[in-house]
Each structure stands twice: as C-alpha cells, then as structure tokens.
Amino acid sequence: MDNHKDIAKPELVHKLEGCTDEVNGAVVIPGENAVISISNDRSVRIWLLRDSGQFWPSICHYMSAAATSMSYTHTTRKLFIGLESGVVEEFTVARDYNRMDSARVYHAHQARVTDTIYTSKTSWILSSGRDKYFHFHCANTGRRLGGYLCNAWCTSIAYDEESQYVFIGDYSGAITVCHLEATGVKFINTLKGHSGSVRTLAWDGKRNWLYSGSFDSSVFVWDIGGRRGTVYELHGHRSKVTSLAYSAEHNRLLSAGEDSRLVCWDMGKKRLETPEWAESDNCQLCNKPFFWNLKSMYDQKQMGLRQHHCRRCGKAVCDYCSAKRTTLTDRGHEYPVRTCEDCFINVTEAEKKPLANFFDTRHIVKHMDFDVSRKLLATVGQDHVIKLWDMSEVLVGQQMEGP
C-alpha cells in the first residue's frame, strides 16, 4: 500500500490465491497460521501456512449451495456456514484442521443467508437473510427461539453479548434494534440515517458505539450507550463501504470498500455531529430566492437558484454563497466539502487537522476480518484473492495525514 512516506503502512504478508469463483468471506483463525474462506463455488476452505511460506488448503469441503456467510469460534471450534439456499449448517473443526464434521443443519431462511453470528455466552446462532427475516436458534438443542421480520432484505448483523441487543442492517438503509431473550425477540427501535443500504456493522462494546457502513459511501457512528440519539458521520470513501473492523485497544476503526481504499479512523479524538440542514425558501446569506419560490422570484425580478447546504452550520445557501470548499475532519469530512462564506472565514486549523489515514489495498474489498491478538487483517477482494496485512504499525501510529 502506498501513501504518505512518513507514516506507517500496512505490510502485505501473504496472498491466498486459487479460488475459482467469488470469495464471500474469510476468517483468520486466532493464534494459528490458518484462514477459513467461503466461496460462490460452494467450497469451504481451510488454508494452512506450509513450509514453503505459502498458504494451501488443508480442507476443501463442498456445500449443497453457495456459501454466503460464516461464523467461527476458536474456543469451541464451532463453524457455522450460511448458504444461498437459506440453510445454516454447523460444523466442528478438528484440531489438526484436516477434517470438519457436520453437527447440525438449521433451516433458518427461505433465501440467501447474509450474515451469521455465534454467541458463546448463550450458545445462540443468529442469522439474517434475504427473506427479510432475522432468526436465532439454540445451538445446544437446534430449536428456533425467535425471529423478526424487517421491511427489506437483511444485509448484516451486530451483537452486544453483554446486554443481548442485536442490530440488524437492511437494504433500505435502516438498522433495527431488538433485545433477545430465551422466549423471543423484543423490538426496541429503528435507526435511520443512511440513504443507501447498510452493508456492514461493527460493535464497540467498550463505549457502546455502533458503526455502520453503507452503499451511500459513508460510515455512521451511533452512540447507543449515550441514549441521546447522537450520530457522527465519517466521509472518506468515494464508493460503497463494504466492510468494517474495530480495534478497541487502539481506538481505531478500519473501513474498506469498492474504491479499493482502506481507511484507518482515529476514534479517540472528539467528534462533532453533522448539523441539521435548514429549510428555507431563500438563501440565508444573500436572500435570493430558490427556484421553487415563485413569489420572491417575481417580486425580486430574479431567476430562482438551486439550494445547497453548508456542511459546517447547516444553513440553506445558494451556489454563489457556498463556492468555497474545506475539510471538516471533526465532522468526519476528510475531503473538502461545501461551506458558506461565513463558515469558511471562521474555520480553525484544528477543525481541518486530519483524523484518518488512507491506504490503497489494490483490490476492491468485499469483506474484512481482523485478528486482534496478532493485529492481522484479512481483506477479501472481487479478484478472488485474500490478502493478509500486518496492521501493528498502523494501529499504534499517532500521525494522521488524510487522503
């Protein structure tokens, strides 16, 4: 990855090649030189690092349909695979990684399984699907414990094991919050803000923050623990955000997407909410009418103008009064954005100081997995390649340079 010369960069340590079809996910096995991958060719592969220094599959198990999601727990060696057919199958992985034995099949969904999470504390398997349903089953008995019907395809889930809250992202851009109990699902709230479908979720259990990445190219930070509806926005991607990973130890959020960018966000710094956009029929600086304000257009003998908004104060302004651009990093804007004349003059250097580093992954990232213990990041690309990156220097680095 190449970026600024004076900042630490992720080090590419391995490339896993040889998959014949699109890879849908990868998990780095904690403490082991091993990776589990799932693919559209129906295969589940467990890759081991050989003496040659290359990863080669120790297991290549073919499912009944395309493998679309998975959850692996190293302490119990339980592996759950979600399929295109809606089935979730449970496996036990042998200690030598040369065998995986089927333990149970859950007929959870009527369409593609989009995400799966196994909770070791309660032994529940959570799953979401394109049938718009979220379901959770007891892994000990195989019994379905409850479900919830969302308004659109379910795309991703995040889970807080302490409070037993589940967050379900969907294709409409909404995030449904539910509380899970052994007796069923209790609806709590719906979080709305994204203008595109929610593709990925990550949970910070330390601060009780939920991170959501969307096809609208943004990352939202929802302060769930604060209970005041606080939302911070992070704008650093030029295309769809497809995957998130969070390191609580370093207060760093990693985001990747279809722009081939990996962004490392410093979440330890104070951030400000995006201001609400004002509603006005006239520019709030020069008072010229917007194009729908026919009366003012007639009175002022003036052509109607297009409405814009200042990203710093939220005022409704015309293009002439908001021609200046600047970064507003404390509000999540790492690229220059529209500001009104008043705000442009008053923007301080502290407001423009970069709070993120940008790196080139050299492939369009579909999925990421982060091994906390070794600071090892796996990125899955549309080129059917899995790359392993050493992130140890990047996560401890204090210098932020922006794009």
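Before reading on, note that the structure itself is shown above.
Being a predicted model, the structure only gives us computed values, none of them experimental.

Trainee: Could you clarify how one ought to interpret the overall build of the protein in this entry?
Mentor: Within the protein, the regular secondary structure consists of four helices and 32 strands. Relative to the 2.2 N^0.38 estimate, which gives 22 Å for 403 residues, the radius of gyration of the protein is 23 Å and therefore close to what a compact globule would have. With the C-alpha coordinates aligned to their principal axes, the bounding extent of the protein is approximately 80 × 50 × 35 Å. Taken over 403 residues, the protein has a buried fraction of 56%. Considering only contacts within the protein whose residues lie at least 6 apart along the sequence, 47% involve residues at least 24 apart. Per element, the accessible surface of the protein, about 17900 Å² overall, is 46% carbon and sulfur. In the protein, the 49 positive side-chain charges and the 48 negative ones have mean positions that sit 3 Å from each other.

Trainee: Help me understand the nonpolar core in this model?
Mentor: Most often, soluble globular proteins keep nonpolar side chains buried together rather than apart. Residues I36, V44, Y72, L79 and I81 are the most contacted members of the largest nonpolar core, which totals 22 residues. Only β3 (34-39), β4 (43-49), β6 (67-73), β7 (78-83) and β8 (87-93) provide two or more residues apiece to this core. With sequence-adjacent residues up to four places away left out, I81 is seen in contact with I38, V44, M63, A67, S69, M70, V87, V88, E89 and F91.

Trainee: Please clarify how the sheet that holds strand β30 (residues 365-371) should be interpreted in this entry.
Mentor: Backbone hydrogen bonds hold the strands of a sheet together, and the pairing may be parallel or antiparallel. Spatial ordering of the open sheet is given by β1-β32-β31-β30, a layout of four strands whose pairing is antiparallel. The open sheet terminates on both sides in strands that have one partner only, identified here as β1 (11-16) and β30. Along the sheet, successive strands turn relative to each other by an average axial angle of 20°, direction set aside. Across five bridges, strand β31 (residues 376-381) lies against strand β32 (residues 386-390) in antiparallel orientation. Following the sheet pairing, L377 is matched in β32 by W389.

Trainee: Before we go on, may I ask you to explain the environment of L234 in this structure?
Mentor: Topologically, L234 is positioned in strand β21 (residues 231-234). With 16 residues separating them in the primary sequence, L234 and S218 have C-alpha atoms 5.9 Å apart. Those residues in contact with L234 that lie beyond four places of it in its chain are S218, V219, V221, L253, W265, M267, R271 and G332.

Trainee: I would appreciate a short explanation of the side chain of T176 in the present structure.
Mentor: Relative to the helices and strands, T176 is located in strand β16 (residues 175-181). Taking the relative accessible area as the measure of exposure, T176 reaches 5% and is therefore buried. Apart from the residues within four sequence positions on either side, T176 is in contact with Y148, C150, V166, F167, I168, F187 and N189.

Trainee: Would you explain the pairing of strand β5 (residues 55-62) in this entry?
Mentor: Every regular strand shows the same layout, with side chains that alternate between the two sheet faces. For β4 and β5, the ladder comprises seven bridges, and the chain directions are antiparallel. Looking at β5, one finds that W47 is bridged to P57. Taking the residues between adjacent antiparallel strands as the criterion, β4 and β5 are bridged by five residues, where G53 takes a positive phi near 90°.

Trainee: What is the right way to look at the side chain of S39 in this model?
Mentor: Inspection of the secondary structure assignment puts S39 in strand β3. Excluding residues within four positions of it along the chain, S39 makes contact with D21, E22, V23, N24, A66 and A67.

Trainee: Is there a simple way to explain the pairing of strand β19 (residues 209-214) in this structure?
Mentor: Counting buried positions along β19 yields six of six residues, so the element is predominantly enclosed. Of the two faces of β19, the one lined by W209, Y211 and G213 and the one lined by L210, S212 and S214 are each fully buried. The pairing of strand β18 (residues 198-204) with β19 spans six bridges and is classified as antiparallel. Looking at β19, one finds that W203 is bridged to L210. In this structure, the hairpin formed by β18 and β19 is closed by a connection of four residues, where N208 is found at a positive phi of approximately 60°. Direction of pairing for β19 relative to strand β20 (residues 219-223): antiparallel, over a ladder of five bridges. From the neighbouring strand, W209 faces β20, where its bridge partner is D223. Hairpin geometry of β19 and β20 is characterised by an intervening segment of four residues between the two adjacent antiparallel strands and by a positive phi of about 75° at S217.

Criteria and thresholds
Residues numbered from 1 in each chain as written. Predicted model: local features only at pLDDT ≥ 70, side-chain atom pairs only at ≥ 80, totals over all residues. Heavy atoms only, no water. Helix = DSSP H or I, 4+ residues; strand = E, 2+ residues; numbered from the N terminus. Rg over C-alpha atoms; globule rule 2.2 N^0.38 Å. Buried < 20%, exposed > 50% of the residue type's maximum accessible area, 1.4 Å probe, protein only. Contact = heavy atoms within 4.5 Å. Areas by Shrake-Rupley, 256 points an atom, 1.4 Å probe, with all protein chains shown as cover. Lys, Arg positive; Asp, Glu negative; His and termini not counted. Charge placed at Lys NZ, Arg CZ, Asp CG, Glu CD. Core = buried A, V, L, I, M, F, W, Y, C linked by side-chain atoms within 4.5 Å. Pairing = 2+ DSSP bridges. Axes fitted to C-alpha atoms, helices over the stretch in contact; angles between N-to-C directions.

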